[in-house]
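So the chains spell out like this:
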Amino acid sequence: MKLEAPAAERNRRPIMEALESRLPASGRLLEVASGTGRHAVSFAERWRHLEIQPSEPTEEGRASIEAWRLETQLANLAAPLELDVTRHPWPVSTAEAVFCANLIHIAPWVATEGLFDGASQLLPPRRRLFTYGPFHLDGRPTSEGNAAFDASLRGRNPAWGLRDIGDLETLGRSKGLELIERVGMPANNYLLVFEKTS
């Protein structure tokens, strides 16, 4: 069944505008934790020169992505993969870019480690991992809304919560992924751009 995601409807256009000049000219864009599939469909519609490869660990999410794919009949939108970031190797052999939205704060830290580890193994040199969502900056929330959101997440699961950009930068560097850009986005979110260094 095709699912809708209000957040994806709100943020897909700003995300695409931010990604536009930062994506490769060709190849595969792997989306990690695609959720309902709304971003993947929008990406495939906008960037016909790229193969968009959605992935999702849940069966419900993959069913929604497949429903979107069958409805849109986009030639460059691949069937969804079952991908758990913490299980390696990932079930994809190549990618010229990796994108992940709104996973890092709604998962234990081990998932973030898995995301960076997997992206580092998959990406060729000078290719990029993009992460989108709310983050802390210099150990502090960037707004009162984000502080409340962080408290709400940690109340639901103590292993969840907004991560500090500095911690992600340190993790990325340990995996050969250098934080090269921090792009401010609407609603106190960021697009973080990590580039494979070697």
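Structure: see above.
Caption draft 1: Here's a closer look at the packing of aromatic side chains. Scanning all chains against the criterion turns up 3 aromatic pairs. Pairing Phe116 with Phe194 gives two aromatic rings, centres 4.9 Å apart and planes at 85 degrees, and the pair type is edge-to-face. Of this pair, Phe116 sits in helix H4 (residues 109–122) while Phe194 sits in strand S8 (residues 189–196); the two residues are 78 residues apart in sequence, bridging distant segments of the chain.

Caption draft 2: Expanded view of the sheet that holds strand S2 (residues 50–54). In space, the 6 strands of this open sheet follow the order S2-S1-S3-S4-S8-S7, with mixed pairing throughout. Of all the strands in the sheet, the pair left with one neighbour each is S2 and strand S7 (177–185). Looking at each pair of strands side by side, their axes are set apart by 20 degrees on average, direction ignored. As paired elements, strand S1 (residues 27–32) and strand S3 (residues 97–101) share 4 bridges and run parallel to each other. Bridge pairing in S3 places Leu29 opposite Ala97. Packed onto the sheet, helix H2 (residues 38–46) meets S1, S2 and S3 and runs at close to 175 degrees relative to S2. Its contacts with the sheet place H4 against S1, S3, strand S4 (128–133), S7 and S8, and it is angled at close to 155 degrees to S4.

Caption draft 3: Representation of the pairing of S8 in the model. Burial runs high along S8: 8 of the 8 residues are buried. Of the pairings in the sheet, the one linking S4 to S8 comprises 6 bridges and is antiparallel in character. For Arg128, the partnering residue across the bridge sits in S8 and is Glu195.

Caption draft 4: Region of the structure containing the side chain of Asn76. Assignment of secondary structure puts Asn76 in the loop between helix H3 (59–72) and S3. From its side chain, Asn76 meets the backbone oxygen of Trp47 in a polar contact 3.0 Å long.

Caption draft 5: Summary view of the pattern of salt bridges. One pass over the structure, following the stated rule, counts 11 salt bridges. Here Arg22 and Glu181 are joined by a salt bridge, their closest N and O atoms 2.6 Å apart. A residue pair is termed long-range when its members are at least 10 positions apart, and Arg22 in the loop between helix H1 (6–19) and S1 and Glu181 in strand S7 qualify at 159 residues. A single network of salt bridges, built from pairs that share partners, joins Glu169, Arg173 and Glu178.

The rules behind the values
Along each chain, numbering runs from 1 in the same order as the chain's sequence is written. Thresholds applied to this predicted model are a pLDDT of at least 70 for local features of residues and 80 or more for the giving and counting of side-chain atom pairs; totals over whole chains, interfaces and linings are not thresholded and use all residues. Excluding hydrogens and water, the side-chain values take into account all heavy atoms of the structure. Pairing of aromatic rings covers Phe, Tyr and Trp, the last through its six-membered ring, and needs centres within 6.5 Å; plane angles under 30 degrees mean stacked, over 60 mean edge-to-face, and all others mean tilted. Put simply, DSSP H or I for four residues or longer makes a helix, DSSP E for two residues or longer makes a strand, and each gets a number counted from the N terminus. Only when DSSP finds a minimum of two bridges between them are two strands counted as paired. Every angle, taken between N-to-C directions, lies between 0 and 180 degrees, and every axis is a line fitted to C-alpha atoms, over only the stretch in contact when it is a helix. The contact definition used throughout considers only heavy atoms, calling two residues in contact when any of these lie within 4.5 Å. Residue burial is assigned from relative accessible area. The probe radius is 1.4 Å, only protein chains are included, and a residue is buried under 20% of its type maximum, exposed over 50%, and partly exposed in between. Here a polar contact means two N or O atoms within 3.5 Å. Within protein one must be a hydrogen donor candidate and the other an acceptor candidate, and residues neighboring in sequence count only if both atoms are side-chain atoms. Here, a salt bridge means any side-chain nitrogen of Lys or Arg that lies within 4 Å of a carboxyl oxygen of Asp or Glu.

These results come straight from atomic positions and should not be treated as a statement about function.
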